[in-house]
Amino acid sequence: AEYLRKKGIEVQTYASRKPDVVFSINGKKIALEVESGIILVNNKKQLLEKIAALEKDYDEWYFVLTDRKHKNAYKQFGKVIDSRYLRSALSQMVK
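Quick notes on the rules
- Residues numbered from 1 in each chain as written.
- Predicted model: local features only at pLDDT ≥ 70, side-chain atom pairs only at ≥ 80, totals over all residues.
- Heavy atoms only, no water.
- 1 Å grid on protein atoms, 1.4 Å probe; cavity = no way out; pocket = protein on both sides within 12 Å on 5 of 7 lines; lining within 4 Å.
- Points joined across faces, edges and corners; volume = space filled by probe spheres on them.
- Helix = DSSP H or I, 4+ residues; strand = E, 2+ residues; numbered from the N terminus.
- Nonpolar A, V, L, I, M, F, W, Y, C, P; charged D, E, K, R; others polar.
- Pairing = 2+ DSSP bridges.
- Axes fitted to C-alpha atoms, helices over the stretch in contact; angles between N-to-C directions.
- Expected span 1.5 Å × (residues − 1).
- Contact = heavy atoms within 4.5 Å.
- Core = buried A, V, L, I, M, F, W, Y, C linked by side-chain atoms within 4.5 Å.
- Buried < 20%, exposed > 50% of the residue type's maximum accessible area, 1.4 Å probe, protein only.

## Points about the layout of surface pockets
In step 1: When its volume is computed, the largest pocket comes out at roughly 280 Å³.
In step 2: Lining the largest pocket are 17 residues, and of these Ser16, Arg17, Lys18, Glu33 and Lys50 sit closest to its centre.
In step 3: Secondary-structure elements contributing two or more residues to the lining of the largest pocket are strand S3 (28-35) and helix H3 (44-57).
In step 4: Examining the composition of the lining of the largest pocket, we find that 6 residues originate from one element, H3, more than from any other.
In step 5: The class makeup of the residues in the lining of the largest pocket is 7 nonpolar, 2 polar and 8 charged.

And the structure:
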């Protein structure tokens, strides 16, 4: 969120049921959902509900994984960004 704000992009952050970070670029509403991998292991139903809401409410959305070992598991549900490459991915979106 801080990186996007420095680029002059308005960002909303949430700690509830909404995505962790929401912003708009070129008229597209984009959401970032930061995941550690625990929800996939402990509550797959909750993850699927979260994905349905993301699909409904946002033009684009991404999982940002804090633990890269879960990348393949999350890829089956949506686009994944490894947190190590988040700045680079956001730079591409901002262009």
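On we go.
## Some remarks on the sheet that holds strand S1 (residues 11-13)
In step 1: Taken in spatial order, the 5 strands make up an open sheet running S1-S2-S3-S4-S5, and their pairing is mixed. A strand with exactly one partner marks an edge of an open sheet, and here the two such strands are S1 and strand S5 (79-82). Across this sheet, the average inter-strand angle for adjacent strands is 25°, counted without regard to direction.
In step 2: As paired strands, strand S2 (residues 21-25) and S3 are joined by 5 bridges and run antiparallel to one another. Pairing of phenylalanine 23 across the sheet is with isoleucine 30, part of S3.

## With respect to H3
In step 1: Helix length check: H3 (14 residues) gives 20 Å between terminal C-alpha atoms against 20 Å at 1.5 Å per residue, within 8%.
In step 2: Buried residues along H3 sit against S3, helix H2 (38-42), strand S4 (60-65) and helix H4 (71-75).

## Let's talk about the nonpolar core
In step 1: The biggest cluster of nonpolar side chains holds 15 residues, and the ones touching the most others in it are Leu4, Phe23, Leu32, Leu90 and Met93.
In step 2: Elements that contribute at least two residues to this core include exactly helix H1 (2-6), S2, S3, S4 and helix H5 (86-94).
In step 3: When neighbours within four sequence positions are excluded, methionine 93 is seen to be in contact with Phe23, Ile25, Ile30, Tyr62 and Ile81.
In step 4: With 14 residues, the next largest nonpolar core counts Val22, Leu65, Tyr74 and Val80 among its residues.

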